[in-house]
Amino acid sequence: MSLTPEAKKLLAETIRGTQQDPNRGLRARLLRDIHAEAERRYRLSVSTANANLDEAHRKRRERIEAWLDERARAGKPKNSAEHKAATDRLLQQAEKEAAATLLNRLILLRQLEALGRVKPPVVTGGWNSKGYREFREFALALTSDDTEGYATLLQLLFDELAIDLPGLYGDVGLTRLFPIPAATLREVVERLDERELASAWTDDTTLGWVYQYWNDPDREALDAKINGGQKIQPHEIASKTQMFTERYMVEWLLQNSLGLTWLAMCKKHGFTADAEQVLQELDARRADWRQKREAGEVALDALMPIEGQLEEHWKYYVPQPIPDDAIAKAPAAVREIKILDPACGSGHFLVIAFDLLAALYREEARHLGKSLSDKQVAESILENNLFGIDIDPRAIQIAAAALYLKAKSFAKDARLRKLNLVAPVLQLGNLPTDDPAVVHLRRDLKHEAGIPEELTNKLLSSLAGVDYLGSLLKVDAAIEQAIHKVELEFEQHRGQGDFFSGFPSQQVKLSLGDAKATILDKLEQFLAKHSKSQDLGLRLDGEQLAAGVRFVRMVKEGSYDIVVGNPPYQGLSKTELFGYVVKMYPMGKADLYSAFLERSLELARPCGISAMVPMRGWMFLGQFVDLRKHLLNRATLKSVADLGTGAFSSRSMDDVISTALVVLLKSFSQGTSSAIQAGPMADPRRDAGKPVRRHAALLCQVKRYDFDPRSFEVIEGEPIVYWWSAAFLEQYAEAPKL
């Protein structure tokens, strides 16, 4: 069952409260109570000497303060006042991470119970649940705490789920040091058990909406900060730019990128795609539906009927010729399709892609006369097809949870051996080389992994800024330069050995690619060894570096068949410390989203696809002239859905953001492009019905225009005025200019 409008409204109020009473939300309650409990246990507002703590709480406080101090140093404070401000902010972040982690754990567990994947239920029904009643019966001795054993039962479940989802249910940051008061836990569980929320627990977008509602207060506060003339700091970028993408946008982009890729594969292998059974019927139905709209027989927000699962997977596809080079370079098998969301947020694009990929696995197997189990399909999708990067660890938490939920709902026996998700929060690269944390890590890597200290320094420095630049950081080239400079040689054992004297060793210089792989493997082995270290600082530093290592492996340019997502919208003139973006993305330097348009093509392979949700201004405005030329000289603009304002259901964004859906094929093939004008060129109305009208127009492909992007070269600045006819363009070219 899909999330009903009523349940969605209640979910928003449950998480963030109402406009009149934001404190009614679980977000405010958790943040307030976790902070109060931390102060009660550790007395962080006074010095350690005056805190009168017992030995256990004193040691925990020291661990917290040591980690906060290291993170504050990474920000390079100029004086003690800035250092104090940084530690206060980082403490708030740690408390927020603990609060969000608990909420995400409970919501995913509630969804798993609704799907029957966790039995008996514990969150469903709370203290009256079957699972808790059985626990009391068999483990009465464990029910004497303030929660009557309920927190103990939850922790047992969390520990079990941590086997598959360590990033959510394992040791997350400082979370274990910030316990949840009993009364707060009870309220959270009871609020999530309200009957009116029932449809939320069977919808695959719920986790994403929870993330959106949790972030909304921070984003709105940062909007006010900008409106007050201040600039956004690097650590605020994630909160400012996170916005949950509407499902219809996600499906349109995926069907016109992954769908296009599959059709190219079918032509390459001589398959007749199942889509051929429905594409003509869908086109005919669209024409009929458009006539009904124009005649007033159906409302402008009425959605064209879709029949069956096959039509669902192709309902947004814009039929068009597929270039020969795209067919020749199409992936050999569905298993080889690599899809990256470079700013994945809560993983909405990846979750929706799962369903499409599953259908393609089954279709391919049928063409080949093979059979695959649901378990094989689910595990292959997660291990081989889907990749996501985001600068917010909480987003990656939810993305992992959402993909886990999707896999378990598809195949209950599926196991998550590997998830290609990373939040590169590594801030060690911002520390000087003589910082104690860097010295400690550098020394241990040399001693245990044989990695020279100079190379460790280069690895860390090359990742400086990754915590706020994310996918925009071109770290792959930096590490290659470091390997060249250090001229690392690994010792390999070859030849006949002697039982007593061992095997003769020989210094063998590896190729650059082999050397890089070996370094990363050694780092990961080192981190695996220390992942359970009782030294909190080493464990957390190790987690940072592990994230950095995974990030390096995932941002190799030219690797992906499809780079898809909703990039962050933020003008760089209103941010601090973004000189790197201006330098490395000179054509896209006006805004983060335009830089991501550049980056998406770099990450795509030849004849790969970039499918993004940028603001529509890049197609017309003078400040994006160089970007337009850069993109269209390197790729073919396959399709555009011009949505205008009101595409998002978030009321705070509906008339602020004017968007388009853009599909670029990294190919130099000539041919026409297609655009759908799903929204009026100017729509001053402000109402909640806009997103549905945009959705309805996109589904039946109103106002479709076929055009040649190169024909706009006759216009100064080459704006993509796709609605200009060839005849009008010819008249314009011949007309005298002022």
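Note that the coordinates shown come from a computational prediction; the quantities given were computed from them, not determined experimentally.

Asker: Let's hear about the pairing of strand 7 (residues 604-612): which residues, and what values?
Answerer: Within a regular strand, the side chains alternate between the two sheet faces. Most of strand 7 is tucked away: 8 of the 9 residues are buried. Across 5 bridges, the pairing between strand 6 (residues 560-565) and strand 7 is parallel. Within strand 7, the position partnered with G565 by the bridge is M612.

Asker: Now, about the pairing of strand 10 (residues 673-677): what can you tell me, with residues and values included?
Answerer: Counting buried residues in strand 10 gives 5 out of 5 residues, a clear majority hidden from the surface. Residues S673, A675 and Q677 of strand 10 are buried on one face, and the alternating residues S674 and I676, pointing to the opposite face, are buried as well. As judged from the 4 bridges shared by strand 8 (residues 636-645) and strand 10, these two strands associate in the parallel manner. Across the sheet, the residue bridging to A641 is I676, located in strand 10. Bridge count for strand 10 against strand 11 (residues 704-707) is 4 bridges, and the pairing is antiparallel. Of the residues in strand 11, the one forming a bridge with A675 is Y705.

Asker: Requested: an account of the packing of helix 2 (residues 26-42) against helix 9 (residues 182-192), with residues and values cited.
Answerer: Taken N-terminus to C-terminus, the directions of helix 2 and helix 9 make an angle of 165°; their axes are 10 Å apart at the nearest point. Classed by the angle they form, the pair helix 2 and helix 9 counts as roughly antiparallel. As for the relative orientation of helix 2 and helix 9, their crossing is left-handed in sense. Across the interface between the two elements, L26, R29, L30 and D33 from helix 2 touch A183, T184, E187, V188, R191 and L192 from helix 9. Counted by class, the contact of helix 2 with helix 9 contains 5 nonpolar, 1 polar and 4 charged residues.

About the thresholds
- Counting of residues starts from 1 at the beginning of each chain's written sequence and follows it residue by residue.
- Confidence filtering applies because this is a predicted model: local features only for residues at pLDDT of at least 70, side-chain atom pairs given and counted only at 80 or more, and all residues used for totals across whole chains, interfaces and linings.
- Note that the side-chain values use all heavy atoms of the structure and ignore hydrogens as well as water.
- The cut-offs for exposure are 20% and 50% of the maximum accessible area for each residue type, with area from a 1.4 Å probe on protein chains only; residues under the lower value are buried, those over the upper are exposed, and the others partly exposed.
- Secondary structure elements follow DSSP: runs of H or I of four or more residues count as helices, runs of E of two or more count as strands, with numbering from the N terminus.
- A pair of strands is labelled paired if DSSP reports no fewer than 2 bridges between them.
- Axis lines are fitted through C-alpha atoms, for helices just across the contact stretch, and the angle between N-to-C directions can take any value from 0 to 180 degrees.
- Here the angle decides the label: under 35 degrees means roughly parallel, over 145 means roughly antiparallel, 65 to 115 means roughly perpendicular, and every other value means oblique.
- If you view the pair so one helix is near and one far, a crossing is left-handed when the near helix is turned anticlockwise from the far one by less than a right angle, and right-handed when it is turned clockwise.
- Should any heavy atoms of two residues lie within 4.5 Å, those residues are considered in contact.
- Amino acid classes used here: Ala, Val, Leu, Ile, Met, Phe, Trp, Tyr, Cys and Pro are nonpolar; Asp, Glu, Lys and Arg are charged; the rest, including Gly, are polar.

Just geometry here; none of it tells us what the structure is for.
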